[in-house]
Amino acid sequence: MDQLLQHLRNLGFTEMESKIMVHLSQEGASSGYEVSKRLGASRSNVYAVLQRLHARGFLHCSDGEPARYTMLPPEEFTHMISNHVRDSLQYVEQTMPMQRTRRPDFVTLQGDGQVMETLAKEIARAKHEIIIDLCADEASLFHDELKEAEERGVRLLWSCDAGNVEPSPFIHWQPITDEETQSLSEGRKFSFVIDRKWSLLGSRGDHVGTLGLVTEHPVMIRLLLGYFAQELIIYELEQDLGQEIGVRYGPHYEHVWNKYV
């Protein structure tokens, strides 16, 4: 009995409503006086609840004096409840206000464990594209997850120093690096952009802790994609022109590059 009352309360009925419905189901047609006497409740409260349940369609009420109330059969009662819940859920789904703007969060990760676990989950969710910018030392750490993503049809684009990375169908090139930013005191930098919506930037080194910054902020995504595009453009130009760059621009080319990078 207690479980039945609890489930009725879970459906939104008050304790008194639940007790009255269970009582009428057990005893059959009863007047308000009889219900209040058997439940030990005040007549005014019982009459108010009976009228409310009758108005909602859960009770039948006779025309005589005194009025006698009967509970709907269980199958009719549950069918009515099911329809009410379905209608309410549909209404909520269709009319619930949606947040127009969401302030993107920046989440800081510390340590290899947090960074690797977070990256593995997001790589597994990737549907279209993963853009990666990292050193060869870190490339092998994500080999299995990225290979699996590639086999699912996800496009992988790499900006990675050549190092000793094995040949693969990934795109590899030798970006120009800054000795200062590669120092062990700051760690080796890496970044991932997944499906152009989620990004992780981080640093990792032999003598410094691994740090990561996760964000979906559109400005940060745009900055990372812009940086990656510049790397691609410069790489394509150097591959196309080769030594002609030095012939055409001389030492000025290196001077311009070092000035702004």
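An account of the accompanying structure is given in this report. Note that the structure is a prediction, hence the values are computed from the model and not measured.

**Focus: the overall build of the protein chain**
Here is step 1: Tallying secondary structure elements over the protein chain gives 11 helices and 9 strands in all.
Here is step 2: Looking at the protein chain as a whole, 31% of its 261 residues are labelled buried.
Here is step 3: Taking the intrachain contacts of the protein chain between residues at least 6 apart in sequence as the baseline, contacts between residues at least 24 apart amount to 53%.

**Some points on the packing of helix 1 (residues 2-10) against helix 2 (residues 15-27)**
Helix-helix packing is characterised by the crossing angle of the two axes and by the distance between the axes.
Here is step 1: The interhelical angle for the contact between helix 1 and helix 2, taken along N-to-C directions, is 125°, at an axis separation of 9 Å. With respect to helix 2, the axis of helix 1 lies oblique. Remark: the crossing between helix 1 and helix 2 carries right-handed chirality. Seen from helix 1, the contacting residues are Leu4, Leu5, Leu8 and Arg9; seen from helix 2, they are Glu15, Ser18, Lys19, Met21 and Val22.
Here is step 2: Split into classes, the residues belonging to the contact of helix 1 with helix 2 amount to 5 nonpolar, 1 polar and 3 charged.

**Observations concerning helix 4 (residues 43-55)**
Here is step 1: Relative to the 18 Å expected for 13 residues at 1.5 Å per residue, helix 4 spans 18 Å between its end C-alpha atoms, a close match to the ideal helical length.
Here is step 2: When we look at burial in helix 4, the residues that qualify are Val46, Val49, Leu50 and Leu53. All buried residues of helix 4 lie within an arc of 100° about the axis, which places them on one face of the element. In helix 4, the exposed positions that point more than 90 degrees away from the buried face belong to Ser44 and Ala55.
Here is step 3: Its buried side turned inward, helix 4 meets helix 2, helix 3 (32-39), strand 2 (59-61) and strand 3 (68-71).
Here is step 4: Trailing helix 4 by a residue or two, Gly57 shows a phi angle of about 90°, which is positive.

The rules behind each value
- Residues numbered from 1 in each chain as written.
- Predicted model: local features only at pLDDT ≥ 70, side-chain atom pairs only at ≥ 80, totals over all residues.
- Heavy atoms only, no water.
- Helix = DSSP H or I, 4+ residues; strand = E, 2+ residues; numbered from the N terminus.
- Buried < 20%, exposed > 50% of the residue type's maximum accessible area, 1.4 Å probe, protein only.
- Contact = heavy atoms within 4.5 Å.
- Axes fitted to C-alpha atoms, helices over the stretch in contact; angles between N-to-C directions.
- Parallel < 35°, antiparallel > 145°, perpendicular 65-115°, else oblique.
- Left-handed = near helix turned anticlockwise from the far one by under 90°.
- Nonpolar A, V, L, I, M, F, W, Y, C, P; charged D, E, K, R; others polar.
- Expected span 1.5 Å × (residues − 1).
- Arc of directions from axis to C-beta.

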